[in-house]
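Structure at a glance
For reference, the chains in residue letters:
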Amino acid sequence: MNRKAGQAQLLGLGALVLAAGLPWLLWRRAIAEIFGQFRFDIHYLLSELSPWVLIVLGLLFLLPVACSSGLHPDSRWRPVARNAYLGWGVSLYLMGLALGSQVAQLWSFTTLH
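A look at the packing of aromatic side chains
Aromatic ring pairs: the centre-centre distance and the angle between the two ring planes describe each pair. Tallied over the entire structure, the rule returns 5 aromatic pairs. Consider the rings of W27 and W52, whose centres lie 5.9 Å apart with planes at 55°: the pair is tilted. In this pair, W27 sits in helix α1 (residues 3-36) while W52 sits in helix α3 (residues 50-67), placing the two residues 25 residues apart along the sequence. An aromatic cluster is defined as three or more aromatic residues linked by ring pairs; in this entry it consists of F38, F40 and Y44.

What follows is the structure, given as structure tokens:
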């Protein structure tokens, strides 16, 4: 592996770590309260937990993309469906962020009133 490939992988993994920390930085109090009241209830699983599951799934799809950054397209370590992983990862992550912002707003509204 050459130096540029190593730098690209570090940049990709750094972006992945930043993306993983962003929801926690924005909504740490709402996330802590939601996970603190964990229960096996369909309402809880679908409405309160789904944004965070979408974010985690998006990050899992982005992990092979970040690890294969900078590799030659013919490399055996580069996933064949890298573009599909990228598309699914970005889509799930953005849907999770959008839904997470709404859940965090609703959660903070209901705890204040």
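Some thoughts on α3
Here α3 spans 26 Å end to end across 18 residues, near enough to the 26 Å set by a 1.5 Å rise per residue. Those residues of α3 that fall on the buried side of the exposure criterion are S50, P51, W52, I55, G58, L59, L62, V65 and A66.

Examining the pattern of salt bridges
In this structure the tally under the stated criterion is 2 salt bridges. Close ionic contact of D41 with R39 constitutes a salt bridge, the shortest N to O distance being 3.7 Å. On the accessibility criterion, R39 (32% relative accessible area) is partly exposed. The salt bridge partner of E48 is R39, with a shortest N-O separation of 3.9 Å. Ionic contacts of the salt-bridge type, sharing partners, join the residues R39, D41 and E48 into one network.

Section: the side chain of E48
Checked against the element boundaries, E48 lands in helix α2 (residues 42-48). Overall, E48 belongs to the buried group, its relative accessible area being 10%. The contacts of E48, once residues within four sequence positions are left out, are I34, R39, H43, V103 and W107.

With respect to the packing of α1 against α3
Between α1 and α3, the shortest axis-to-axis distance is 10 Å and the interhelical angle comes to 170°. On the basis of their axis angle, the class for α1 and α3 is roughly antiparallel. Contacts between α1 and α3 involve Q9, G12, L13, L16, A19, A20, P23, W27, I31, I34 and F35 from the former and W52, I55, L59, L62, L63, A66 and C67 from the latter. Per-class residue counts for the contact of α1 with α3 are 16 nonpolar, 2 polar and no charged.

Quick word on the confidence of the model for the chain
Residues with a pLDDT of 70 or more make up 96% of the chain, whose mean pLDDT is 88. For the chain, α2 is the element with the lowest average pLDDT, namely 82, and α3 is the one with the highest, namely 94.

Criteria and cut-off values
Residues numbered from 1 in each chain as written. Predicted model: local features only at pLDDT ≥ 70, side-chain atom pairs only at ≥ 80, totals over all residues. Heavy atoms only, no water. Phe/Tyr/Trp six-rings, centres within 6.5 Å; stacked < 30°, edge-to-face > 60°. Helix = DSSP H or I, 4+ residues; strand = E, 2+ residues; numbered from the N terminus. Expected span 1.5 Å × (residues − 1). Buried < 20%, exposed > 50% of the residue type's maximum accessible area, 1.4 Å probe, protein only. Salt bridge = Lys/Arg side-chain N within 4 Å of Asp/Glu carboxyl O. Contact = heavy atoms within 4.5 Å. Axes fitted to C-alpha atoms, helices over the stretch in contact; angles between N-to-C directions. Parallel < 35°, antiparallel > 145°, perpendicular 65-115°, else oblique. Nonpolar A, V, L, I, M, F, W, Y, C, P; charged D, E, K, R; others polar. pLDDT = per-residue confidence, 0-100.

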